[in-house]
There are 2 protein chains.
Amino acid sequence: MSNDRGERYLEDLVPGQVYGGPSLTLDEAAIRTFASEWDNQPFHTDPVAATRSLFGGLAASGWHTAAATMKLLVAGDLRLAGGLIGGGLEQLSWPKPVRPGDTLTVQAEILEVRPSKSNPSRGVVRVRSTTLNQQGEAVQIMVSVMMVARRLVG
Amino acid sequence: MSNDRGERYLEDLVPGQVYGGPSLTLDEAAIRTFASEWDNQPFHTDPVAATRSLFGGLAASGWHTAAATMKLLVAGDLRLAGGLIGGGLEQLSWPKPVRPGDTLTVQAEILEVRPSKSNPSRGVVRVRSTTLNQQGEAVQIMVSVMMVARRLVG
């Protein structure tokens, strides 16, 4: 159900399929380093100040969780033909904070598969990517619409 | 309309207000470095391979644009009391690719201001953050719901 490089085409995708992949641990140093550059707020960079924040302790930036999720998707089993190219998201939420030492995995579930009306060579697929911590709790839920190539029929 | 540290409370925010901030240029090295770590796909890391992709040339990862947007919001004029804490996004889209050398700015528009029903010390604000390139074209549109502290009334 995939080509020589193991890539999946629109025709290989069916709603309900779930694709997994590797895991990634975010330790305290990684959380503070990412936040120092991109989301420099005390609850992401300073373990002491973080105890007095709404988070009650150091928490990863949601953008760190999102970037980690993309890394895990790219290294994971979804492997769409043409690459993982999202035109946009319908949902992105962070139901629980990511804490130092949390190990994340992503489960990508195919929600909908739709050929393009204007371009016979591709289509779009709606995917819900749920990022889980080592307790199996969702720390991020993302619903995205991605482009995917169709098989060329001779 | 703000406290000693220039932070804004729920009571300071009115729909229609637009807050700006500094700018950030994403050069080719920055685009390739970010993507190598978080979104390792040829159209974000390899200028030659990128010409054969849907992007037609090197483009920043959308997650790089999102992280840059957060950096510009944190350094910008919105300055919500308690920090910029988003519970989730209602929309995140990338209408145009970010190209090497593009200079980004963010305009954050207050859409809605709502006190919490359960917690008299805070509320939520819906914000549309539009990330623009140097031609004034939107490269990212994000609608987020952020928590914000209320003024304590004695």
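Going by the structure above, here's the rest.
In this text, all values refer to a predicted model and were calculated from it rather than measured experimentally.

What counts and what doesn't
- Residues numbered from 1 in each chain as written.
- Chains lettered and ligands numbered in written order.
- Predicted model: local features only at pLDDT ≥ 70, side-chain atom pairs only at ≥ 80, totals over all residues.
- Heavy atoms only, no water.
- Helix = DSSP H or I, 4+ residues; strand = E, 2+ residues; numbered from the N terminus.
- Polar contact = N/O pair within 3.5 Å; in protein donor to acceptor, adjacent residues only side chain to side chain.
- Contact = heavy atoms within 4.5 Å.
- Buried area = accessible area lost by both parts, 1.4 Å probe.
- Salt bridge = Lys/Arg side-chain N within 4 Å of Asp/Glu carboxyl O.
- Nonpolar A, V, L, I, M, F, W, Y, C, P; charged D, E, K, R; others polar.
- Pairing = 2+ DSSP bridges.
- Buried < 20%, exposed > 50% of the residue type's maximum accessible area, 1.4 Å probe, protein only.
- Lys, Arg positive; Asp, Glu negative; His and termini not counted.
- Arc of directions from axis to C-beta.
- Least-squares fit on C-alpha atoms with pLDDT ≥ 70 in both.

(A) Quick look at the environment of A:Arg126. Residues and elements named next belong to chain A. As for its placement among the helices and strands, Arg126 is situated in strand β5 (residues 122–132). C-alpha separation for the pair Arg126 and Ala81, spaced 45 residues apart in sequence, amounts to 15 Å. Within the structure, Arg126 has its side chain in polar contact with the side chain of Glu90 (distance 3.2 Å).

(B) Inspection of the interface of chain A and chain B at higher detail. Every contact between the two is made by 34 residues of chain A and, on the other side, 34 residues of chain B. Contact with chain B buries area across many residues of chain A, yet A:Trp38, A:Leu54 and A:Trp63 alone supply 27% of it, more than any other trio. Linking chain A to chain B there are zero salt bridges. Linking chain A to chain B there are eight residue pairs in polar contact (both at pLDDT 80 or more). Of all the elements in the fold, those that place two or more residues in the side of chain A that touches chain B are α1 (28–38), α4 (62–74), β3 (85–93) and β6 (138–149) of chain A. Top contributing element to the side of chain A that touches chain B by residue count: β3(A), with nine residues. Along the lines of polarity and charge, the residues of the side of chain A that touches chain B split into 19 nonpolar, 10 polar and five charged. In this structure, β3(A) lies alongside strand β3 (residues 85–93) of chain B, joined through four bridges in antiparallel fashion. Note that in β3(B) the partner of A:Gly88 across the bridge is B:Ser93.

(C) Structural view of the side chain of B:Arg8. Residues and elements named next belong to chain B. For Arg8, the position within the fold is in the segment before β1 (18–19). The charged side chain of Arg8 is buried without a salt bridge, its nearest counter-charge being Asp77 at 5.8 Å. A polar contact of 2.6 Å, which involves the side chain of Arg8, links it to the backbone oxygen of Asp77.

(D) Looking closely at α1(A). All buried positions along α1(A) are accounted for by A:Ile31, A:Phe34, A:Ala35 and A:Trp38. All buried residues of α1(A) lie within an arc of 95° about the axis, which places them on one face of the element. Residues of α1(A) that are buried sit in contact with β2 (23–26), α2 (42–45) and α4 of chain A together with β2 (23–26), α1 (28–38) and α4 (62–74) of chain B.

(E) Here's a closer look at the pattern of salt bridges. Applying the stated criterion across every chain, the model contains 18 salt bridges over all chains. Connected through salt bridges with shared partners, the residues A:Glu90, A:Glu112, A:Arg114 and A:Arg126 form a single ionic network.

(F) Focus on the relation of the copies chain A and chain B. Expressed as a screw transformation, the operator carrying chain A onto chain B has a rotation angle of 180° and an axial translation of 0.0 Å, and the superposed copies differ by an RMSD of 0.0 Å. Both copies are brought into coincidence by an operation consistent with a two-fold rotation axis. The residues that chain A uses at the interface reappear at the interface of chain B in 100% of cases, marking a shared surface.

Geometry only, nothing functional implied.
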